[in-house]
Amino acid sequence: MCKRNKVCIYMFIVVMVLQIIIPALSVILETSYTLISEADVITEWDIGASGSNITAKLYDSGTLYIEGEGAIKDDTEWKFRTTDVRDWITTVQIKGNITTIGKMAFFGFRNLEACIDFDKSVKVVKNQAFGKCPKLERADFPNLKIAEKYAKTTNTACVILGLIHQPKMPASLVKKD
């Protein structure tokens, strides 16, 4: 009976500690970017330009995970069955040797907040790649060499006239010399 009570006490202590640790971890992990299990994949696309091998997977968390080698093609289409999913995506994570983000690749991702190049391979962001992404606050491309004109815009008049308004862009989308 004594051993049984000790086991119960230990189990009670473990449960109490977990009740404290789990909420604390959820707050800490809430702001981090982690890989997600394959079970959470909604759909995937082949988005590589000619000669490139790039796959994009959309997870139910709103994360678009892109992995492969080469260039992301221009004018990428983001549909799941017949539904346009651009509004579902809040974060883009890039892994692998992806060197170029194609023209209008993420155009119209109205809820996109962050795009992170984990392997620091992106060197070119083409015209309008982040056009009409008004919530984009973080775009990490540490080795960016070329950001074409209007890599990110939120104002249609800016796109058409190029004179009225050039919105503030994340530092990594500003053209480097």
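Residues numbered from 1 in each chain as written. Predicted model: local features only at pLDDT ≥ 70, side-chain atom pairs only at ≥ 80, totals over all residues. Heavy atoms only, no water.

**Some remarks on the pattern of salt bridges**
The following threshold applies: Take a side-chain nitrogen of Lys or Arg and a carboxyl oxygen of Asp or Glu: if they are within 4 Å of each other, that pair is a salt bridge. Helix and strand definitions here come from DSSP, where helices need a minimum of 4 consecutive H or I residues and strands a minimum of 2 consecutive E residues; each element is numbered from the N-terminal end. Type-normalised accessible area, obtained with a 1.4 Å probe on protein chains alone, sets the label of each residue: buried when under 20%, exposed when over 50%, and partly exposed for intermediate values.
A full pass over the atoms with the stated rule returns six salt bridges. Of the charged contacts in the structure, one is a salt bridge between K103 and D75, with a shortest N-O distance of 3.6 Å. Here K103, found in the loop between β6 (91-101) and β7 (114-117), pairs with D75, found in the loop between β3 (63-71) and β4 (79-80); they are 28 residues apart in sequence, far enough to count as distant. Residue class for D75 comes out partly exposed when judged on its relative accessible area of 44%. A salt bridge links D87 to R110, with the shortest nitrogen-to-oxygen separation between them at 2.6 Å. A residue pair is termed long-range when its members are at least 10 positions apart, and D87 in the loop between β5 (83-84) and β6 and R110 in the loop between β6 and β7 qualify at 23 residues. For D87, a relative accessible area of 32% puts it in the partly exposed group.

**Some thoughts on the confidence of the model for the chain**
Quick reminder of the rule: Residue-level confidence of the predictor, termed pLDDT, takes values from 0 up to 100. Throughout, a contact is declared for two residues whenever any of their heavy atoms are within 4.5 Å.
Of all residues in the chain, 70% attain a pLDDT of 70 or more, and the chain-wide mean is 77. For the chain, helix α2 (residues 156-161) is the element with the lowest average pLDDT, namely 36, and β3 is the one with the highest, namely 95. Here residues 27-34 scores under 50 on pLDDT; set against residues more than four positions off or in separate chains, the count is seven contacts. Predicted confidence for residues 154-168 stays below pLDDT 50, and this span has 22 contacts to residues more than four positions away or in other chains.

**Describing unusual backbone geometry**
Even without a glycine there, the phi angle at D75 is positive, about 50 degrees. The residue K132 is not glycine, and still its phi comes out positive at about 55 degrees. Its location among the elements puts K132 in the loop between β8 (124-125) and β9 (138-140).

**Things to note about the pairing of β7**
As a reminder, the rule being used: The pairing criterion for strands is at least two bridges between them, as found by DSSP.
Burial of the side chains of β7 extends over both faces: A114 and I116 are buried on one face and C115 and D117 on the other. Bridge count for β6 against β7 is four bridges, and the pairing is parallel. If you follow T91 over to β7, its bridge partner there is A114. Pairing of β7 with β9 involves three bridges; the strand directions are parallel. Looking at the pairing, A114 lines up with R138 of β9.

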